[in-house]
Amino acid sequence: MNQVLLRCVRRVRAVLPTRADYLVMARDPRRDLLAGLTVAIVALPLALGFGVSSGLGAEAGLATAVVAGALAALLGGSNLQVSGPTGAMTVVLVPIVAEYGSGGVLTVGLMAGVLLIAVALLKAGRYMAYVPAPVVEGFTLGIACVIGLQQVPNALGMDKPEGEKVLAIAWRSVTAFVEAPNWTALGLSLGVAAVMLAGARWRPTIPFSIVAVIAATIAVEVFHLQGAASIGALPSGLPVPSLSFIDISALGALLAPAVAVAALAALESLLSATVADGMTVGQKHDPDRELFGQGVANLAAPLFGGVPATAAIARTAVNVRTGASSRTAALTHAVILGVIVFAAAPLVSRIPLAALAGVLLATAVRMVEVGSLRAMARATRSDALVLVLTAAATLLLDLVYAVIIGLVVAGALALRAVAGQARLDQVDFRPDLPGEHSDEEHALLAEHIVAYRIDGPVFFAGAHRFLLQLSEVADVRVVILRMSRVTTMDATGALVLKDAVDKLHRRGITVLASGIRPGQRQVLESVGALDMLHTDGQEYATTPEAIAAARKLLEHAGLLPRRHRHPHRARKAPR
């Protein structure tokens, strides 16, 4: 019992930041404070917009940015990560809010937090690195499309239609706009998006999102524009929700959404941390600590009226570019947003929804890395197919199915590619003959012996394709299999090989093998194929030894004249 407890304590300590992580926070506080201020300015409209998109309101987005941003900064595994509400997470939350309300989001957030902490304690963070790049790119492209479509009602100044499918909602909003156009809202949203996109090209270091939102808000207030809907007034502080959990009977139905939220938080957070590492020198995140920090953040955010959170790639990139060197910057960002909630809520409440829609439209456009998509599409047909399928599934189904489909298709195509590397080639065995042989002896041996070399993996994905060719070889007396170049073998491959050898035995053909590796020997022995590759229980380490055994068999059968044995040193040949 004590050993188990000690092991648990060690695992918990392993995912907690060390004293050295916090000492770094005091090295360059001025630069970190400036970076935190810049990130807060960029994050404010995004937090408001994602809160509105999730269906819980702008205050939920701010609560998430403050609470989750602070906890993830203090407990996460990256010194530069900035966390909060993200567009990808709102995509998952919208159907949950529609079916279960705010109580469902609270429950899902808590369940996802527990799952993330469990994954961190199991040290599974490193496995996220095995997600193929086309799946990530397709996933990001699909999310960008969903975020853009989610903004159509607010961008057009229309009430959001009922439903969950973003394509249907966007279409119904467009038809409603055609019947009663709201040009003011459309102009505001497109204007904000245009300023953000053009400004990012002109001066990437300037937070044009807040500039555009302030300008749009002033325009609405000064000119009393009609049709530019505004968000409801925020409370004077962080929202304190009534902690209404759903019935226990519904927990089973929310398990799949909770897994989706946890998987998305893990994937997006670790991807963001990897991007941050690549933008700096000497920074390296701890994936398990990062998952632990995100788990704690997701446990706490719903208790303050927030939504589940992840690390945000865009905000993290801004943090790095503005000179952040420690967790102080991300913590400062959360503190500043908290001050805004308490001190400037009346001003924030006047921001038009159409302006926030423009911010998110521009964000969706900037999520799409055209260069990366083009590179993936040109790499291989398999990569292009995985990318397109993942993006389409994200748009038409949901994020969990999208990732599963992407991983399954990518895995199947990878297996197909690996299986295609396996070959069965007939080789000339005469250079491996020990001793000196006349042309007549060479001809006799070639008449009765054939040698094949097996290259590559012999496993379930491709063994049937080439091993069954063995059973169709010409009428000879001995087949020699050179197996030293077999890279891997599973039970299916061993069974197929056994079946081919059995068919040759039925035709009176003896099969010998050389160069069997220890790992292959174990698999062959487990399915009963190893004995079929030996004569008199002998195993041949090299091809010359197998040829000598084959010659003895032919001599014994009277197909070759017996040779007088003279002592000599056989030339060593490759296996």
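Above this text sits the structure in question.
Keep in mind the model is a prediction, meaning the values are calculated, not measured. (Residues numbered from 1 in each chain as written. Predicted model: local features only at pLDDT ≥ 70, side-chain atom pairs only at ≥ 80, totals over all residues. Heavy atoms only, no water.)

**Some remarks on the layout of surface pockets**
Moving on, step 1. Of the volumes computed, that of the largest pocket is approximately 1,400 Å³.
Moving on, step 2. Lining the largest pocket are 46 residues; nearest its centre among them are Ile313, Ala314, Arg366, Met367 and Glu369.
Moving on, step 3. Sort the elements by how many residues they give to the lining of the largest pocket and helix 6 (residues 133-150) lands first, with seven residues.
Moving on, step 4. Looking at the lining of the largest pocket residue by residue, the class counts come to 29 nonpolar, ten polar and seven charged. (1 Å grid on protein atoms, 1.4 Å probe; cavity = no way out; pocket = protein on both sides within 12 Å on 5 of 7 lines; lining within 4 Å. Points joined across faces, edges and corners; volume = space filled by probe spheres on them. Helix = DSSP H or I, 4+ residues; strand = E, 2+ residues; numbered from the N terminus. Nonpolar A, V, L, I, M, F, W, Y, C, P; charged D, E, K, R; others polar.)

**A short note on helix 11 (residues 251-278)**
Moving on, step 1. Look at helix 11: 40 Å from first C-alpha to last across 28 residues, which is about the 40 Å you get at 1.5 Å a residue.
Moving on, step 2. Approximately 25° is the largest bend angle found in helix 11, and it occurs at Pro257. (Expected span 1.5 Å × (residues − 1). Bend = angle between axes of the 7 residues up to and from the residue.)

**As for the packing of helix 6 against helix 16 (residues 353-367)**
Moving on, step 1. Put simply, helix 6 and helix 16 touch, their axes get as near as 8 Å, and they point 165° apart. What the angle tells us is that helix 6 and helix 16 run roughly antiparallel. Here the hand of the crossing between helix 6 and helix 16 comes out left-handed. Within the contact between the two elements, helix 6 uses Thr140, Ile143, Ala144, Ile147 and Gly148 and helix 16 uses Leu360, Leu361, Ala364 and Met367.
Moving on, step 2. By residue class, the composition of the contact of helix 6 with helix 16 is seven nonpolar, two polar and no charged. (Axes fitted to C-alpha atoms, helices over the stretch in contact; angles between N-to-C directions. Parallel < 35°, antiparallel > 145°, perpendicular 65-115°, else oblique. Left-handed = near helix turned anticlockwise from the far one by under 90°. Contact = heavy atoms within 4.5 Å.)

**Examining the packing of helix 6 against helix 8 (residues 166-179)**
Moving on, step 1. Running from N to C, helix 6 and helix 8 point in directions that differ by 35°, and their axes come no closer than 9 Å. The element helix 6 and its partner helix 8 pack so that their crossing is left-handed. Facing Val146, Leu149 and Gln150 of helix 6, the residues of helix 8 in contact are Val166, Leu167 and Ala170.

**A look at the environment of Gly142**
Moving on, step 1. When you line up the elements, Gly142 lands in helix 6.
Moving on, step 2. With a relative accessible area of 2%, Gly142 lands in the buried category.
Moving on, step 3. Between the C-alpha atom of Gly142 and that of Val368, which follows or precedes it by 226 residues, the distance is 9.3 Å.
Moving on, step 4. Not counting residues within four places of it along the chain, the set of residues in contact with Gly142 comprises Ala391 and Thr394. (Buried < 20%, exposed > 50% of the residue type's maximum accessible area, 1.4 Å probe, protein only.)

**Overview of the side chain of Asn182**
Moving on, step 1. Residue position: Asn182 is located in the loop between helix 8 and helix 9 (183-202).
Moving on, step 2. Polar side-chain contacts of Asn182 include one of 3.2 Å to the backbone nitrogen of Ala185. (Polar contact = N/O pair within 3.5 Å; in protein donor to acceptor, adjacent residues only side chain to side chain.)

Such coordinate-based values are descriptive only and should not be taken to indicate function.
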